[in-house]
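# Chains, contacts and geometry: an overview
Here is what each chain is made of, one letter per residue.
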Amino acid sequence: MSSIREIARRTGYSIATVSRVFNRPDAVSAKTRELIESAAHSLGYHPHPAARALATRRTRIVGAAIPGIEHSIFARFISALERGLKQHGYALVLATTGNDVQEELERCSDLVRMGAEGIVVSGLDHHAGLLAMCDQRKIPLLCTSIFAPDPVHPPTIGYDNYALAANAAGFLKDLGHERIVVVHGPRHNNDRTRLRIRGIRSVLPDVLLMETEMSVRGGCEALGNLDRGGTTCTAVLCLSDVLAQGVYFEALRRGYRIPDALSIMGFDDLDWSRWLSPPLTTMHLPVDEMGHEAAAALVGHLDNGVPLVSRKLEGHVVERASTAKVGGTPVDAARPA
C-alpha cells in the first residue's frame, strides 16, 4: 500500500485511481494508465497477484486449452488471444491437450484451480466432465475453430469447417479435377476434421480419403503410399498446410512437377505457405480475427456481463501457383496472394 501511495504522490492521482490501473485498467484512460504505469516502473512496484485477487475477488486470468503448439496456426491464434486479453488487464495461461478429451479435462481442472475466470478450447468434442465443471462453477466456456449456432452447445467463435471444405473441393472441381485425393489427420478425436470431410463429400461423393499423422512426415508418407498403391490422381487436397508441405516434399522427391503433373491445395494459409515453391493454394482461416474476437467476447462477459453468443467468421480460397486447370496453364507464380 505504501508503494501505491508513493505512486499517487508522484503522479498527483488518487490512491483509488492508481488502484484501478492495476485492478481495472479498462476503466482508466490510456494517458492516465501510461503515466501511472511509468511511475510504478520507476519505483520497481509490481502488484501482488494474490493480494489483488483477495481485494477484488478477481484473478483476471483466462485459461486456454489447445491441441498443441507444434504448428503455427495455434501459435497465431494464441498470440492474438493474448494480445486482446492483455489490453484489458487479463493474463492468459496455456495448456496443451494432444486432442485427448481426458487430458483436456485434467488440464482445464488445473486452470480452474489456478483461478481461471474463463476457459477457451478448440472444437466441440469435449469430456462431459468439462462441461459439468464449467456449468457448476459458472465459468464461461468458449469454443473456437468451429461455428455451431445450436443453442445446446457452448458458444462458439470460429468458422464453418463444412462449408469451407466444400468450397475447397468445389474450387478443384471447377479446375477440371476429377481424380482428387484428400489427405487428412486423425478424425476420431477431431470434429473439425470430420466436418471438413463431410463438406468435401457433399461436392465429391467418391473422393479417396487418406488418413495420416498431422505432420510433414504424414504428408510425405501419404503421397508415398499413393504411389506404391498405384493410385493415380491429378490433385491432392490436404486438410492442413502442414500436410501439404509434406506432400510437396515427397512429390518433388519423386519427380512430380507442381502443378503440371499434380495440383496441391492446403487448408489454413499459414504464414510460410506463400513462400513454398510454387506458392501454395490454400483455404485462408481467420485465425487472428478469431483470437481477437474470443478475447473481446470474454472480456465483455467477465467485466460487463455481456452474454456470450456464437459468431461465424469467414474464410476464403487463396489461389496461388500450386494448382492449375487440368491440361491448362498454371497460375502465374508472381500473382499476388
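Whatever comes next refers back to the structure up there.
Each value, and the rule that gives it
Residues numbered from 1 in each chain as written. Predicted model: local features only at pLDDT ≥ 70, side-chain atom pairs only at ≥ 80, totals over all residues. Heavy atoms only, no water. Helix = DSSP H or I, 4+ residues; strand = E, 2+ residues; numbered from the N terminus. Buried < 20%, exposed > 50% of the residue type's maximum accessible area, 1.4 Å probe, protein only. Contact = heavy atoms within 4.5 Å. Lys, Arg positive; Asp, Glu negative; His and termini not counted. Charge placed at Lys NZ, Arg CZ, Asp CG, Glu CD. Phe/Tyr/Trp six-rings, centres within 6.5 Å; stacked < 30°, edge-to-face > 60°. Lys NZ or Arg CZ within 6 Å of the ring centre and 35° of its normal. Arc of directions from axis to C-beta. Pairing = 2+ DSSP bridges. Right-handed = clockwise from strand over helix to strand, strands pointing away. Disulfide = S-S within 2.5 Å. Axes fitted to C-alpha atoms, helices over the stretch in contact; angles between N-to-C directions. Polar contact = N/O pair within 3.5 Å; in protein donor to acceptor, adjacent residues only side chain to side chain.

## Looking at the overall build of the chain
Summing up its helical and strand segments, the chain has twelve helices and twelve strands in all. In terms of its C-alpha atoms, the chain occupies a principal-axis envelope of roughly 75 × 45 × 30 Å. Burial statistics for the chain: of 337 residues in total, 51% are counted as buried. Across the chain, contacts joining residues at least 24 apart in sequence account for 69% of those joining residues at least 6 apart. Charge-centre separation for the chain: the mean point of 37 positive side chains lies 6 Å from the mean point of 37 negative side chains.

## Quick word on the environment of Glu 221
Inspection of the secondary structure assignment puts Glu 221 in helix H10 (residues 216–228). We classify Glu 221 as partly exposed; its relative accessible area is 34%. The spatial distance from the C-alpha of Glu 221 to the C-alpha of Arg 198 is 23 Å, given a sequence separation of 23 residues. Setting aside chain neighbours within four positions, we find Glu 221 in contact with Thr 212 and Arg 228.

## A few points about the packing of aromatic side chains
Taken as a whole, this structure holds zero aromatic pairs when the rule is applied. Its end group placed over the ring of Tyr 90, Arg 60 keeps NZ or CZ at 4.2 Å from the ring centre.

## Description of helix H7 (residues 128–137)
Residues of H7 that are buried: Leu 130, Met 133 and Cys 134. The buried residues of H7 occupy an angular sector of 90 degrees when projected down its axis, which confines them to one face. In H7, those exposed residues whose orientation departs by more than 90 degrees from the buried face are Ala 128, Asp 135 and Gln 136. The inward-facing, buried residues of H7 abut helix H6 (101–113), strand S3 (118–122) and strand S4 (141–144). Looking one or two residues past H7, Lys 138 carries a phi angle of roughly 60 degrees, positive in sign.

## Some details on the pairing of S4
Neither face of S4 is exposed, since Leu 141 and Cys 143 on one face and Leu 142 and Thr 144 on the opposite face are all buried. For S3 and S4, the ladder comprises four bridges, and the chain directions are parallel. What sits directly across from Ser 122, in S4, is Thr 144. The parallel pair S3 and S4, bridged by H7, forms a crossover whose chirality is right-handed. The pairing of S4 with strand S5 (residues 156–158) spans two bridges and is parallel. Paired with Cys 143 across the strands is Thr 156, a residue of S5.

## Quick word on the state of the cysteines
Scanning the model with the defined rule gives zero disulfides in all. Looking at the unpaired Cys 220, the closest cysteine sulfur is the one in Cys 238, lying at 10 Å. You can see Cys 238 has no disulfide; the closest cysteine sulfur is in Cys 233, sitting 10.0 Å from it. Looking at Cys 238, the relative accessible area reads 0%, which means it is buried.

## Regarding the sheet that holds S3
On the basis of which strands lie adjacent, the open sheet formed by six strands has the order S2-S1-S3-S4-S5-S11 and parallel pairing. Only two strands of the sheet have a single neighbouring strand rather than two, namely strand S2 (91–96) and strand S11 (311–312).

## Considering the sheet that holds strand S6 (residues 180–184)
As a general point, the strands of a sheet are linked pairwise by backbone hydrogen bonds and lie either parallel or antiparallel. Sheet architecture is open: four strands sit in the order S7-S6-S8-S9, paired in parallel fashion. Edge positions in the open sheet fall to strand S7 (208–211) and strand S9 (263–265), since each of these has one partner strand only. For this sheet, the mean angle separating the axes of adjacent strands, direction not counted, is 20 degrees. Here strand S8 (residues 235–238) pairs with S9 via three bridges, running parallel.

## Quick look at the environment of Arg 320
By secondary structure assignment, the location of Arg 320 is in the segment after strand S12 (316–318). Sequence spacing of Arg 320 and Arg 274 is 46 residues, and the spatial spacing of their C-alpha atoms is 7.7 Å. A distance of 2.8 Å separates a polar atom in the side chain of Arg 320 from the backbone oxygen of Leu 280.

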